[in-house]
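Listed below are the residues making up each chain.
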Amino acid sequence: MTARTHIGGRGEALGLLRRDNRLTALGTPNGRVGMAVTWTRAWWRWTGGPTTRPVERVVRVDGRSRADEPGDERQAFGRWVRKRPRVDGGKRRGDGCGRRSLSPTWVLAVGGPQPAGRGGRVGGVGRDASRLAGLQRRLQGIAGGLAVYDEAPDNVSSSTYSSTPSLPGCRVAPGRRADAGLPLARVTSNRIDVEALAAMDGVGRFREVLPMLVDPVAFAGLVDGAAGGCRVPSRGMERHRDAMRSCGVASDAHVRPVFAMKAFTTPKKDGRTSRLVLDARPLNDAMYGPPSMDVPNIRDVINEVKRHRFAMQCDGVSYFYQFPIHASISRYFGIGMKGCDMLLHVLCMGWSWAPCIAQRASNVLVRDLGLAWVDNFLVLGGSLDEAQRNVAVFRERTQAARVEVRAEGGGALWEVCSRFVCVGVEFDLAAETQRHRLDPSWAERWVDGSGMTAVLSGRATARQFAEVFGGAVWATDILAIPRCHFAALLSFAGRLGGRMVGAAAHSWDEVIDVPPSTRRELGALRKTVQGNPWVVGGTAEDSGSVLWTDASSWAWAALLEAEGRLVDGRQGVFAGPDAGAHINLKEMWALAEGVVRLCWAPGAQRCRVDNAAVVGAVAKGSSSSYAANRLLSRTIRAADRRKIVLCPGWVPSGEQQADPYTRGASLPRFPAPLSASR
């Protein structure tokens, strides 16, 4: 093993490439050289995507043509990458992806002498002087150095020999096999009668997506015809071949798949079995995106459930696997396997259309009876008799469509109850006032998880922070906590998300520094979730007044209407730094001033604003702006102290009562009729 040699700056790197045009002077066996290039932000901009920091990888380099097999060298250098994208921007049949497929973790390879009469290339880079000259021009974006090896470094495992292009025509190194050792969970062999289910669809939403299961012509019409031919092998999936065959999930491919994609497994909640997932990004990128999923918002689910007294819940058994796919459509759902590829015959996790199809099918089953959340069914009733009647209708529908369901939460199937846990929320409908809270088991896992500990310590991976932040979003939705109270957390998550867009997969495992302000807000939310308080339902009584607020580029005004008259008001001028703020922030300021200075009666306070962004931010409890979140948090805290519930509503500027007082008019003497403002 020859030690690594570092070649200094950009000039030395280019000088190395110019030496003899064949790089034989380095004394490596047969003139073969590998170059691990540290890409920079400038280079990645040229290739068409963003990156956040330099990365370095090493791959096998060989001077042979593609017609030659690597033989025993496969063991010494990890898995062989047969096709690599061209770095010099040229395009040739069978070349791979071209320049745009180059990923920030891709490693250049330049081979030794060209055998006479052979057309072989390594890494898409030819070995003649003209192609090397083209490579030199492309290397102008490199700001770092070159690391040269004659063999792979000892400290680089075989899993490091990888690349990330996924466009058609690329065959890339397989991905990780982290959970391939767990056996696949047992799944049902039942198949839904999708035609019978479509016949029950009174709205027609499921019939819109049914062709994606049964009509090969309609399916092919949504796929880019030039995008086929991608083959990405799966690692460690051969052991699951018999399990997939036995339940009819997949079978050996006797025809060439249009897409042969990578499959992998992820552990289930029991920790003993795993579920199958297909990395269907090549197919997703090649076809039109799905329509609206029609899944209800979790807040709408909570409000609808709390309008009833009884419920029955169940879930679909291996729900995705119950949806059959036409044999001709299965060719688009190939699994790249060692020896013989496989074809999926059911819906799979990973395909962008699968959740939409499943949710719309579930909506057909629970129409006018309750709610569905993908494979979770909730049948509701205001009384015990109504709930039992609805359960009987739901049972008939599942039998007619041959949908297999099972009890959820350890209860008996078709059992009606008033206290239960569903989709991560615990409901108590038997109480005098219906209430809900987080599922205690979920709350405990989130509060005491290793990700939370790492984030609160200030040093966590981007993946850990994303998991914790996702739980924070869920917890604030369930516990009805406005997210504007966590402005620093939202701001940091937004900045991190912007950095991670388009970043390499390994970037998610890099350690990041979490700011103290973010940790403080997350710690406060953690303490609230640890207590897991009940959230009581009920609608606040109308306060009997309407707050009108408006702002212009230089002034703001707020008016309070009661019993058809204007009873109070305030106005002011923006000065100092506030004068240059965005108009949305000025509109939020006007609303905050109106609530703090004019609203005192408890109850539902109607607010009328002619700015849709402010109405949306108040309705959902957060904004995309840090400053707006701080201002909205102040407003909501003031309202909470007075037991006021803000009910925002949009009005056109022509009907805004406060509009004239932002344009130079003085406030009238109160009380005043509404017409005084027009």
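Small disclaimer: the values here were computed from a predicted structure and weren't measured.

Colleague: Explanation requested: the pairing of strand β7 (residues 274–279) in the structure shown.
Modeller: Each regular strand displays side chains that alternate between the two surfaces of the sheet. Here β7 lies mainly inside the structure; 5 of its 6 residues are buried. Two successive antiparallel strands, strand β6 (residues 260–267) and β7, enclose a turn made up of 6 residues, where Gly271 displays a positive phi of approximately 75°.

Colleague: Quick question: what am I supposed to make of helix α15 (residues 450–457) here?
Modeller: An α-helix turns once per 3.6 residues; consequently, residues spaced three or four apart project the same way. For α15, every residue scored as buried is listed here: Gly451, Met452, Ala454 and Val455. Summarising the axial view, the buried residues of α15 lie within an arc of 165°, below the 170-degree limit, and thus occupy one face. Residues of α15 that are exposed and point over 90 degrees away from its buried face: Ser450, Thr453 and Ser457. Packing partners of the buried residues in α15 comprise α14 (440–448), β17 (459–461), α16 (462–478) and α18 (516–531). Directly beyond the C-terminal end of α15, a positive phi value near 95° is found at Gly458.

Colleague: Looking at this model, I keep getting lost on the packing of α16 against α18. Mind explaining?
Modeller: Two numbers describe a pair of packed helices, the interaxial angle and the distance between the axes. Relative orientation of the contacting elements α16 and α18 amounts to 50°, with a least axis distance of 11 Å. With respect to each other, α16 and α18 are oriented oblique. α16 and α18 meet at a crossing whose hand is left-handed. Facing α16, whose interface residues are Phe465, Val468, Ala472, Ala475 and Thr476, α18 presents Thr518, Leu522, Leu525 and Val529. Tallied by class, residues from the contact of α16 with α18 come to 7 nonpolar, 2 polar and no charged.

Colleague: Honestly, the packing of aromatic side chains in this entry has me stumped. Any pointers?
Modeller: The description of an aromatic ring pair uses the distance of the two centres, along with the angle that the planes make with each other. On inspection of all chains with the given rule, the structure shows 13 aromatic pairs. An angle of 45° between the planes, with centres 5.8 Å apart, marks the rings of Phe219 and Trp351 as tilted. Within this pair, whereas Phe219 is found in helix α8 (residues 216–221), its partner Trp351 is found in the loop between β10 (342–344) and α12 (354–365), the two being separated by 132 residues in sequence. The exposure class assigned to Trp351 is buried, which follows from its relative accessible area of 2%.

Colleague: Looking at this structure, I do not really get the pattern of salt bridges. What am I missing?
Modeller: Two side chains bearing opposite charge may form a pair once their charged atoms approach each other closely. This structure, assessed with the given rule, holds 26 salt bridges. The partner of Arg245 in a salt bridge is Asp242, with the nearest N and O atoms 2.9 Å apart. Residue Arg245 and its partner Asp242 are both found in helix α9 (residues 241–246); the two are separated by 3 residues, about one turn of the helix. Residue Asp242 is classed as exposed on the basis of its relative accessible area of 55%. Asp568 serves as the salt-bridge partner of Arg570, at 3.0 Å between the closest nitrogen and oxygen. Overlapping salt bridges, with partners in common, bring together Arg205, Glu208, Asp294 and Arg360 in one network.

Colleague: Mind showing me how you'd approach the sheet that holds strand β24 (residues 644–650) here?
Modeller: Either a parallel or an antiparallel arrangement is found when strands of a sheet pair, and the pairing is made through backbone hydrogen bonds. Strand order across the open sheet formed by 6 strands is β24-β23-β20-β21-β22-β25, with mixed pairing between neighbours. The open sheet terminates on both sides in strands that have one partner only, identified here as β24 and β25 (672–673). The pairing of strand β23 (residues 603–609) with β24 spans 7 bridges and is classified as parallel. Looking at the pairing, Gly603 lines up with Ile644 of β24. Helix α19 (residues 583–598) rests against β20 (542–551), β21 (555–562), β22 (565–573), β23 and β24 of the sheet, and its axis sits at about 145° to β20. Contacts from helix α20 (residues 612–620) reach β23 and β24, with the element oriented near 150° to β24.

Colleague: Explanation requested: α20 in the structure shown.
Modeller: Val614, Val615, Ala617 and Val618 are the residues of α20 that are buried. Angularly, the buried residues of α20 cover 165° about the axis, an arc narrow enough to put them on a single face. Turned more than 90 degrees away from the buried face of α20 sit Ala612 and Ala619, all of them exposed. Elements in contact with the buried residues of α20: α19, β23, α21 (626–641) and β24.

Colleague: In this structure, what is going on with empty space enclosed by the protein? I would like to understand it.
Modeller: Left-over empty space is what a probe sized like a water molecule reveals as it rolls over the atoms. On inspection of all chains with the given rule, the structure shows 6 cavities of 30 Å³ or more. Here the second largest cavity defines a volume of roughly 60 Å³. Every residue along the wall of the second largest cavity is listed here: Pro296, Val301, Leu371, Ala372, Trp373, Asn376, Leu378, Cys422 and Val423. Of all the secondary-structure elements, those providing two or more residues to the lining of the second largest cavity are β11 (370–373) and β12 (376–381). Looking at the lining of the second largest cavity element by element, the count peaks at 3 residues for β11.

Colleague: Help me understand the nonpolar core, please; the structure alone is not making it clear to me.
Modeller: In this structure, Phe206, Phe259, Phe323, Phe333, Trp351, Ile357 and Phe394 are the most contacted members of the largest nonpolar core, which totals 71 residues. Considering each element in turn, this core owes the most residues, 7 residues, to α12.

Colleague: Help me out: how do you make sense of the confidence of the model for the chain in this one?
Modeller: Low pLDDT marks stretches whose predicted atomic positions should not be read closely. Averaged over every residue, the pLDDT of the chain is 75; residues scoring 70 or more account for 72%. This stretch, residues 1–178, has a pLDDT under 50; its non-local contacts, to residues over four places away or in other chains, come to 310 contacts.

Colleague: Even after reading the chapter, I still don't get the pairing of β12, so can you show me in this structure?
Modeller: Counted residue by residue, β12 has 6 buried out of 6 residues, so it is predominantly covered. On β12, burial covers both faces: Asn376, Leu378 and Leu380 on one face and Phe377, Val379 and Gly381 on the other are all buried. In this structure, strand β8 (residues 310–316) lies alongside β12, joined through 6 bridges in antiparallel fashion. Looking across to β12, one finds that Met312 is bridged to Val379. Judged from the 4 bridges that link them, β11 and β12 form a sheet pairing that is antiparallel. When the sheet's bridge partners are listed, Gly370 is paired in β12 with Val379.

Colleague: Hey, could you run me through the packing of α19 against α21 in this one?
Modeller: Relative orientation of the contacting elements α19 and α21 amounts to 15°, with a least axis distance of 9 Å. Our classification of the angle between α19 and α21 gives roughly parallel. Handedness of the crossing formed by α19 with α21: left-handed. Residues Leu585, Met588, Trp589, Ala592, Glu593, Val595 and Val596 of α19 form the contact with α21, whose own contacting residues are Ala627, Ala628, Leu631, Leu632, Arg634, Thr635, Ala638 and Ala639. When its residues are assigned to classes, the contact of α19 with α21 shows 12 nonpolar, 1 polar and 2 charged.

Reading guide: rules and limits
Residues numbered from 1 in each chain as written. Predicted model: local features only at pLDDT ≥ 70, side-chain atom pairs only at ≥ 80, totals over all residues. Heavy atoms only, no water. Buried < 20%, exposed > 50% of the residue type's maximum accessible area, 1.4 Å probe, protein only. Helix = DSSP H or I, 4+ residues; strand = E, 2+ residues; numbered from the N terminus. Pairing = 2+ DSSP bridges. Arc of directions from axis to C-beta. Contact = heavy atoms within 4.5 Å. Axes fitted to C-alpha atoms, helices over the stretch in contact; angles between N-to-C directions. Parallel < 35°, antiparallel > 145°, perpendicular 65-115°, else oblique. Left-handed = near helix turned anticlockwise from the far one by under 90°. Nonpolar A, V, L, I, M, F, W, Y, C, P; charged D, E, K, R; others polar. Phe/Tyr/Trp six-rings, centres within 6.5 Å; stacked < 30°, edge-to-face > 60°. Salt bridge = Lys/Arg side-chain N within 4 Å of Asp/Glu carboxyl O. 1 Å grid on protein atoms, 1.4 Å probe; cavity = no way out; pocket = protein on both sides within 12 Å on 5 of 7 lines; lining within 4 Å. Points joined across faces, edges and corners; volume = space filled by probe spheres on them. Core = buried A, V, L, I, M, F, W, Y, C linked by side-chain atoms within 4.5 Å. pLDDT = per-residue confidence, 0-100.

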